[in-house]
Amino acid sequence: TLRPEPACGPSSSATAAPFDPARVVPVLERLQAALGDFDLSAASAALAELPDVTLPGAAADELDALRRRVEGYDYDEARAIASRISSPSFCVGIGS
């Protein structure tokens, strides 16, 4: 179809877990704290906890951008992306 894929919601991936804000948001909060402290080790550890989460469409793009920013040491932008992903309005209705 020509309709854009929703930012969040069910995914066709059978190998990854569905998006669960209760599980993902604490990881993103730890990531934001690590980035605020310029702690690459803690930031990398937090990122390592996210690969098994399904984020379709634009949300997956945001997660990819987040990883690239951390790997490129662009911590300010990485924190902004993590904040957006963890925002209650980012994936309204997910997990409910």
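In this report, the structure presented in the accompanying data block is examined. (Residues numbered from 1 in each chain as written. Predicted model: local features only at pLDDT ≥ 70, side-chain atom pairs only at ≥ 80, totals over all residues. Heavy atoms only, no water.)

### A closer look at the overall build of the protein chain
Put simply, the rule reads: Each helix corresponds to a stretch of at least 4 residues labelled H or I by DSSP, and each strand to a stretch of at least 2 residues labelled E; elements are numbered beginning at the N terminus. Only protein chains enter the accessibility calculation, which uses a 1.4 Å probe; a residue whose area is less than 20% of its type maximum is buried, one above 50% is exposed, and one in between is partly exposed. Surface accessibility follows the Shrake-Rupley procedure with a 1.4 Å probe radius. Residue values consider only the protein chains on display as shielding.
Along the protein chain, the regular secondary structure elements total four helices and zero strands. Ordered by position from N to C terminus, the α and β elements of the protein chain give α-α-α-α. Across the 96 residues that make up the protein chain, the buried fraction comes to 38%. In the structure as shown, the protein chain presents an accessible area of about 5700 Å², 53% of it carried by carbon and sulfur atoms.

### Looking at the packing of helix α1 (residues 21–36) against helix α4 (residues 75–86)
This is how it is decided: The axes used here are C-alpha line fits, helices contributing only the stretch in contact, and every angle between their N-to-C directions lies in the interval 0 to 180 degrees. Note on angle classes: values under 35 degrees are labelled roughly parallel, values over 145 roughly antiparallel, values of 65 to 115 roughly perpendicular, and the remainder oblique. Throughout, a crossing is termed right-handed when the near helix is turned clockwise from the far one, and left-handed when it is turned anticlockwise from it by less than a right angle. Contacts are assigned to residue pairs with any non-hydrogen atoms lying within 4.5 Å of each other. Under the convention adopted here, Pro, Cys and the residues Ala, Val, Leu, Ile, Met, Phe, Trp and Tyr are nonpolar, Asp, Glu, Lys and Arg are charged, and Gly plus all remaining residues are polar.
For the pair α1 and α4, interaxial distance at closest approach is 9 Å and the crossing angle is 160°. By the angle between their directions, the pair α1 and α4 is classed as roughly antiparallel. Seen along the crossing, α1 lies across α4 with a hand that is left-handed. Across the interface between the two elements, Val-25, Leu-28, Leu-31, Gln-32, Leu-35 and Gly-36 from α1 touch Tyr-75, Ala-78, Arg-79, Ala-82, Ser-83, Ile-85 and Ser-86 from α4. Residue composition of the contact of α1 with α4, grouped by class: eight nonpolar, four polar and one charged.

### Re the packing of α1 against helix α2 (residues 40–48)
Packing of α1 against α2 leaves a shortest axis separation of 8 Å and a crossing angle of 160°. The orientation of α1 with respect to α2, classified from their angle, is roughly antiparallel. Here α1 runs over α2; the crossing is left-handed. Contacts between α1 and α2 involve Val-27, Leu-31, Ala-34 and Leu-35 from the first element and Ala-42, Ala-43, Ala-46 and Leu-47 from the second. The class makeup of the residues in the contact of α1 with α2 is eight nonpolar, no polar and no charged.

### A few points about the nonpolar core
Short version of the rule: Nonpolar core, defined: a set of buried Ala, Val, Leu, Ile, Met, Phe, Trp, Tyr and Cys residues in which side-chain atoms within 4.5 Å join the residues together.
Formed by 21 residues in total, the largest nonpolar core has its most connected members in Leu-28, Leu-31, Leu-35, Leu-50, Leu-66 and Val-70. Contributions of two or more residues to this core are made by α1, α2, α3 (57–71) and α4. If one sorts the elements of this core by residue count, α1 sits on top with six residues. The residues contacting Leu-66, other than those within four sequence positions of it, are Leu-28, Leu-31, Leu-47, Ala-78, Ile-81, Ala-82 and Ile-85.

### Observations regarding α4
Spelled out, the test is: One less than the residue count of a helix, multiplied by 1.5 Å, gives the span that helix is expected to have. Here the arc refers to the set of directions running from the helix axis out to each C-beta atom.
The terminal C-alpha atoms of α4, which comprises twelve residues, lie 16 Å apart, in line with the 16 Å expected from a rise of 1.5 Å per residue. Of the residues making up α4, those classed as buried are Tyr-75, Ala-78, Ile-81, Ala-82, Ile-85 and Ser-86. Considered in projection along α4, the buried side chains sweep an arc of 130° and stay on one side of the axis.

### Quick notes on the pattern of salt bridges
Spelled out, the test is: Any carboxyl oxygen of Asp or Glu that lies within 4 Å of a side-chain nitrogen of Lys or Arg is treated as forming a salt bridge with it.
Overall, the coordinates contain three salt bridges when judged by the stated rule. Linking Arg-69 and Asp-74 is a salt bridge whose minimum nitrogen-to-oxygen distance equals 4.0 Å. Taking relative accessible area as the criterion, Arg-69 reaches 36% and is therefore assigned partly exposed. The exposure class assigned to Asp-74 is partly exposed, which follows from its relative accessible area of 32%.

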